[in-house]
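Architecture at a glance
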Amino acid sequence: MRSLRDEEHERIDDALVLFFAAPHSYTGEDLVEFHLHGSPAIVREVLRAAMAAGSRMANAGEFTQRAFLNGKLDLHAASAVADIIDAESRSAARAALANLGGTLVGEVRALRERLSRVLEELAASIDYPDEVAEPERGAVAREITAVGVTLAAMQRDGERGRLLREGVSVAIIGPPNAGKSSLLNALLGEERAIVSEIPGTTRDTIEERVLIDGVPLRIIDTAGIRDHADRIEAIGIERARRASEQAEVLLVVLDGSEPLSDSGQSILAATAHRPRVVFANKADRGNVLELALDDCVAVVGSVRDATTLEALRRAIARVAWGGERIDVARPHISAAHEFSAMAQARRNVDEVEAVLQSGEPLDMLAPALHRAVAALGKISGDDAVEELLDGVFARFCIGK
Ligand SMILES: Nc1nc2c(ncn2[C@@H]2O[C@H](COP(=O)(O)OP(=O)(O)OP(=O)(O)O)[C@@H](O)[C@H]2O)c(=O)[nH]1
Ligand SMILES: [Mg+2]
């Protein structure tokens, strides 16, 4: 416990002060932590006094960047720190924590070395044909397939991690008065959007975030789509159309207590080939709507009924990500450069497999194998370049 005083020796706070001697700190350098009483005024005053004494605020990601430069974290783990800070759900935080463990780099490096070994064996047999026998074709094929399968699993885990981080956009669309805003409110559990019996109540799009199974959804309520709208409503309808074009999943809401309207009909036809859930609402008034839908997930019920809401959540999960629970407990690719390098490596491994199957001579494998090794090097950091480092640390919006 220490008294913190400003440049005038005026006491600001009594604080817990921790000194971490290098290299046993987060950054690997000498480091001091001040644990202050929570008041924003005290925090502001201590920062001001520290600045007056000659310190400065950290740049975005600077602590983590220094940790990386001092060998405390690999690049993949450094990027996971930003993901932990940004995580919106426990599943997303758990996935990011798995990456902080940092075995991904080791796993990718091991795969890269397996491909390099195949390359070396090929090169040796080409350079010294008399002394070194050509590797056995079946053994090479088995090794390449095994590496390819592991890369595919890593890519899939990466996609799941991305889903937990970035979520899915879902647009609620349908004719006026169908219960779209009521549905947004029910999913949120609060009266966010205005609901009324007057068709054309919602004019502008409203976006909110909701978690389903730890996946963040951006849910967008839109103006009811119909012809003969007034000028302002028409602008809202245009926005609704744009939102529905951009959304990854559509939630088409219809009034199930009435026969299908013309606008309902045309919305169903226009969205037939999109990932969608069709919801016949107002079943408490009786359901007369006959949905002849073969290609989609349909729910009949009412926004006022908890069972219907649960069925809708499950239906959205099914359409958006197949419905299974997503838990990424293993280290996985997560940064943009890792996704592109992984896709590149997989394409190259596919090329290698195609050459193997075509029966062409084994030395034809070398160029694609070289490219796969280089692509994996971008993930393991064995082939890292300057811009890539800047890209990772620029993602931080705070000093950490
Ligand atoms: N009986 C019954 N009424 C409902 C149900 N869902 C919504 N309503 C009523 O239907 C009316 C329209 O609901 P809204 O949620 O405003 O409909 P909307 O689709 O957002 O309408 P616009 O914004 O005009 O496009 C309101 O009076 C709601 O209370 C339901 O399941 N059962
Ligand atoms: Mg509305």
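Residues numbered from 1 in each chain as written. Chains lettered and ligands numbered in written order. Predicted model: local features only at pLDDT ≥ 70, side-chain atom pairs only at ≥ 80, totals over all residues.

Some points on the packing of helix 4 (residues 90-100) against helix 6 (residues 137-166)
Each pair of packed helices gets described by two things: the angle between the helix axes and the distance between those axes. Between helix 4 and helix 6, the least distance of the axes is 8 Å, while the angle of their chain directions is 135°. The angle between the axes of helix 4 and helix 6 places the two elements in the oblique class. As helix 4 packs across helix 6, the resulting crossing turns out to be left-handed. Of the residues in helix 6, those in contact with Ser-91, Ala-92 and Ala-95 of helix 4 are Gly-161, Leu-164 and Arg-165. Across the contact of helix 4 with helix 6, the residue classes break down as 3 nonpolar, 2 polar and 1 charged. (Axes fitted to C-alpha atoms, helices over the stretch in contact; angles between N-to-C directions. Helix = DSSP H or I, 4+ residues; strand = E, 2+ residues; numbered from the N terminus. Parallel < 35°, antiparallel > 145°, perpendicular 65-115°, else oblique. Left-handed = near helix turned anticlockwise from the far one by under 90°. Contact = placed C-beta atoms within 7 Å. Nonpolar A, V, L, I, M, F, W, Y, C, P; charged D, E, K, R; others polar.)

Regarding the site of ligand 1
Around ligand 1 sit 23 residues, and of these Gly-179, Ser-181, Thr-202, Gly-224 and Ser-302 come closest. Here the element with the most residues in the shell around ligand 1 is helix 7 (residues 180-188); it accounts for 3 residues. Across the shell around ligand 1, the residue classes tally to 6 nonpolar, 11 polar and 6 charged. (Near = placed C-beta within 6 Å.)

Notes on the pairing of strand 7 (residues 249-255)
Burial analysis of strand 7 places 7 of its 7 residues in the buried class, the great majority of the element. Here 4 bridges tie strand 4 (residues 168-173) to strand 7, and the two strands are oriented parallel to one another. By the bridge assignment for strand 7, Val-170 is matched with Val-249. With 6 bridges connecting them, strand 7 and strand 8 (residues 276-281) associate as parallel partners. Note that in strand 8 the partner of Leu-251 across the bridge is Val-277. Regarding the hand of the β-α-β motif, the stretch spanning strand 7, helix 9 (residues 262-270) and strand 8 is right-handed. (Buried ≥ 20, exposed ≤ 12 C-beta atoms within 10 Å, placed from the backbone. Pairing = 2+ DSSP bridges. Right-handed = clockwise from strand over helix to strand, strands pointing away.)

Brief notes about helix 8 (residues 231-246)
Compared with an ideal rise of 1.5 Å per residue, which puts 16 residues at 22 Å, helix 8 spans 23 Å between its outermost C-alpha atoms and is within 8% of the ideal. Every buried residue belonging to helix 8 is among Gly-236, Ile-237, Ala-240, Ala-243 and Ser-244, and all of these are buried. Seen end-on, helix 8 carries its buried residues on one side only, within an arc spanning 120°. The exposed set on the far side of helix 8, more than 90 degrees from its buried face, consists of Arg-231, Glu-245 and Gln-246. Structurally, helix 8 contributes buried residues whose contacts are with strand 4, strand 6 (215-221) and strand 7. (Expected span 1.5 Å × (residues − 1). Arc of directions from axis to C-beta.)

Considerations on the domain arrangement of the protein chain
Accessible area lost upon the coming together of the parts serves often as the stated size of an interface. Segmenting the protein chain into domains produces domain 1 (2-57) and domain 2 (167-321). For domain 1 versus domain 2, the separation of C-alpha centres amounts to 52 Å. (Domains from an automatic or database assignment.)

Points about the nonpolar core
Considering soluble globular proteins, one finds that nonpolar side chains tend to be buried as a cluster. Grouped together as the largest cluster of nonpolar side chains are 59 residues, with contacts concentrated most on Val-170, Leu-251 and Ile-316. At 7 residues, helix 10 (residues 306-321) tops the list of elements feeding residues into this core. Apart from the residues within four sequence positions on either side, Leu-251 is in contact with Val-170, Ala-171, Ile-172, Val-277, Phe-279 and Ile-316. Within the second largest apolar cluster, 25 residues are counted, among which are Leu-111, Leu-151, Leu-365 and Val-373. (Core = buried A, V, L, I, M, F, W, Y, C linked by C-beta atoms within 7 Å.)

Examining the environment of Pro-23
Checked against the element boundaries, Pro-23 lands in the loop between strand 2 (11-20) and strand 3 (31-35). Overall, Pro-23 belongs to the exposed group, with 12 C-beta atoms counted inside 10 Å. Sequence separation between Pro-23 and Ala-95 is 72 residues, and the spatial gap between their C-alpha atoms is 28 Å.

Observations concerning unusual backbone geometry
The step from Ala-22 to Pro-23 runs through a cis peptide bond, and the omega angle for that step is 5°. For His-9, which is not glycine, the phi dihedral falls at a positive 65°. By the secondary structure assignment, His-9 is in the loop between strand 1 (2-5) and strand 2. Residue classification places His-9 among the exposed positions, given that 7 C-beta atoms sit within 10 Å.

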